[in-house]
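# Survey of secondary and tertiary structure
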Amino acid sequence: MSKYKVSISFKQNTVHIYEFIKTKENISSYLCKLIEADMNREHSSLDLESQVEQIVHKLLQNQKFLQPFPINSNESKDNLSAEDIDLINNLF
């Protein structure tokens with residue numbers, strides 16, 4: 001016999017959940033597995049943030065990402081149309 005017990009109530013709008021859970025062979029085991037999976041997902045979402053931080057840190061350590069992108073100022077002036085120049089002058 002189980003040592004710990006919990007009672008669950010279902011409202012009228014959740015009768016479909018009640019009907020589904022009644023089809024399970026071992027409702028207690030089924031619920032425990034669902035709850036444990038949910039607990040693990042919450043824990044892994046916290047780990048996801050640290051994983052992203054580690055990835056960003058590794059990328060920043062890579063020299064290719066730290067080197068500035070060379071821009072030739074003469075080239076950029078030649079690529080601007082008269083409309084672009086007018087728009088920039090009007091904005092600033």
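Structure: above.
Definitions and cut-offs
- Residues numbered from 1 in each chain as written.
- Predicted model: local features only at pLDDT ≥ 70, side-chain atom pairs only at ≥ 80, totals over all residues.
- Heavy atoms only, no water.
- Salt bridge = Lys/Arg side-chain N within 4 Å of Asp/Glu carboxyl O.
- Helix = DSSP H or I, 4+ residues; strand = E, 2+ residues; numbered from the N terminus.
- Buried < 20%, exposed > 50% of the residue type's maximum accessible area, 1.4 Å probe, protein only.
- Phe/Tyr/Trp six-rings, centres within 6.5 Å; stacked < 30°, edge-to-face > 60°.

### Structural notes on the pattern of salt bridges
According to the stated counting rule, one finds 1 salt bridge in the structure shown. With a closest N to O distance of 3.6 Å, Lys-22 and Glu-19 form a salt bridge. Here the residue Lys-22 and the residue Glu-19 both occupy positions in helix 1 (residues 15-22), the gap between them amounting to 3 residues, near one helical turn. Owing to a relative accessible area of 44%, Lys-22 belongs among the partly exposed residues under this scheme.

### Looking at the packing of aromatic side chains
For the coordinates displayed, the defined rule picks out 2 aromatic pairs. Between Phe-10 and Tyr-18 the ring centres are 5.3 Å apart and the planes differ by 55°, which places this aromatic pair in the tilted class.

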